[in-house]
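# Chains, contacts and geometry: an overview
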Amino acid sequence: MPNAGEVLNTLEGEALFDPSAGEILPSGTYPAHVKQLNVYQRTTRYGSEAQVYAPVYLIAPEAGEYAGVTVYDTGIWRFVADKDKTTQRVVVGQGNAQYKKLLETFDIEIPTVSNGDGRVLYKLPEVTEEDIIGKPVVIDVHHEEWTGRFGEQRKAAKAKIAHAWGDGKHLEQDSK
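Reading guide: rules and limits
In every chain, residue numbers begin from 1 and rise along the written sequence. Two thresholds apply to this predicted model, a pLDDT of at least 70 for residue-level local features and 80 or more for giving and counting side-chain atom pairs, whereas whole-chain, interface and lining totals are computed over all residues. For the side-chain quantities, the full set of heavy atoms in the structure was used; hydrogens and water were omitted. Each helix is a run of H or I in the DSSP string that is no shorter than four residues. Each strand is a run of E no shorter than two, and both are numbered from the N terminus. Whether a residue is buried, partly exposed or exposed follows from its accessible area with a 1.4 Å probe, protein chains only, as a fraction of its type maximum: under 20%, in between, or over 50%, in that order. Two residues form a contact once any of their heavy atoms are found within 4.5 Å. Only the protein chains shown count as cover for residues, and all accessible areas are computed by the Shrake-Rupley method using a 1.4 Å probe. In this description, strands pair whenever DSSP reports at least two bridges between them. Patch definition: residues above 30% relative accessible area lacking any salt bridge, with like charges linked at up to 9 Å and the nonpolar side chains Val, Leu, Ile, Met, Phe, Trp and Tyr linked at up to 5 Å. A pair is scored as a salt bridge if a Lys or Arg side-chain nitrogen falls within 4 Å of a carboxyl oxygen belonging to Asp or Glu. To be clear, the arc concerns the directions from the helix axis to the C-beta atoms.

Here we come to the overall build of the chain. Within the chain one finds 3 helices and 10 strands. Here the chain holds 176 residues, and 30% of them are scored as buried. Put simply, 55% of the contacts in the chain that link residues at least 6 apart link residues at least 24 apart. Roughly 12300 Å² of accessible area belongs to the chain as shown, and the carbon and sulfur atoms make up 51% of that amount.

Time to look at the side chain of His33. By secondary structure assignment, the location of His33 is in strand 1 (residues 28–43). By relative accessible area, His33 is classed as buried at 6%. In this structure, His33 is in contact with Val56, Tyr57, Leu58, Ala60, Gly134, Lys135, Pro136, Trp165, Lys169, His170 and Leu171, ignoring residues within four places of it in sequence.

Looking at chain direction, strand 1 and strand 9 (residues 136–147) are connected through 6 bridges and run antiparallel. Considered in strand 9, the bridge of His33 is made with Pro136. In terms of strand pairing, strand 9 meets strand 10 (residues 153–164) through 11 bridges, oriented antiparallel. Each residue of the ladder has a partner; that of Val137, found in strand 10, is Ala164. Joining the antiparallel neighbours strand 9 and strand 10 is a turn of 5 residues, in which Gly151 adopts a positive phi near 85 degrees.

Next up on the list: a nonpolar patch on the surface. A surface patch of nonpolar side chains, about 350 Å² in accessible area, is lined by Val7, Leu8, Leu11 and Leu16. Considering the arrangement of structural elements, one finds Leu16 in the loop between helix 1 (4–9) and strand 1.

Time to look at helix 2 (residues 97–105). For an α-helix, 3.6 residues make a turn, and residues three or four places apart therefore share a direction. Within the span of helix 2, buried status applies to Tyr99, Leu102, Leu103 and Thr105. For helix 2, the buried positions fall inside an angular range of 165 degrees around the axis, keeping them on one side. For helix 2, the elements touching its buried residues are strand 2 (49–59), strand 4 (76–79), strand 9 and strand 10. Once helix 2 ends, the next one or two residues include Asp107, with phi positive near 55 degrees.

Shape descriptors only; they carry no functional weight alone.
Next up, the structure:
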């Protein structure tokens, strides 16, 4: 009996359709590894600079039938402090809470500084691929739906980091 690879090799040059190819990863919680890190520079609606960190995950073999599926993060914003134009004071908000959680998940050191009036601030460093590639995490997957540019309904699986995968093993990456 021929295996799947042998059967597919006989179909080279044919027009094929696989109805299961459009299936997406079901919503849920999955063990995964960080496969890639995309970082995008953005300017906020208030004119401040920011970065959006969007890890790409590979579902771990421990997830069974969904092992090897790639899932994209919805993005984690890192807002950069800047001066208020009227008061000339540096504005610090709570917008970086999710980014701080990202740093804590990967055990990245977060230095503290005093602002001079007794409050302690966290100085959140930039994350690099070296900091997180191959690291084990647990992700929550949900579905995002939108209307495409030609009016068709679209759906994709998106992820958010839930927490570190305590007993997960670091995934070794192939050299680029």
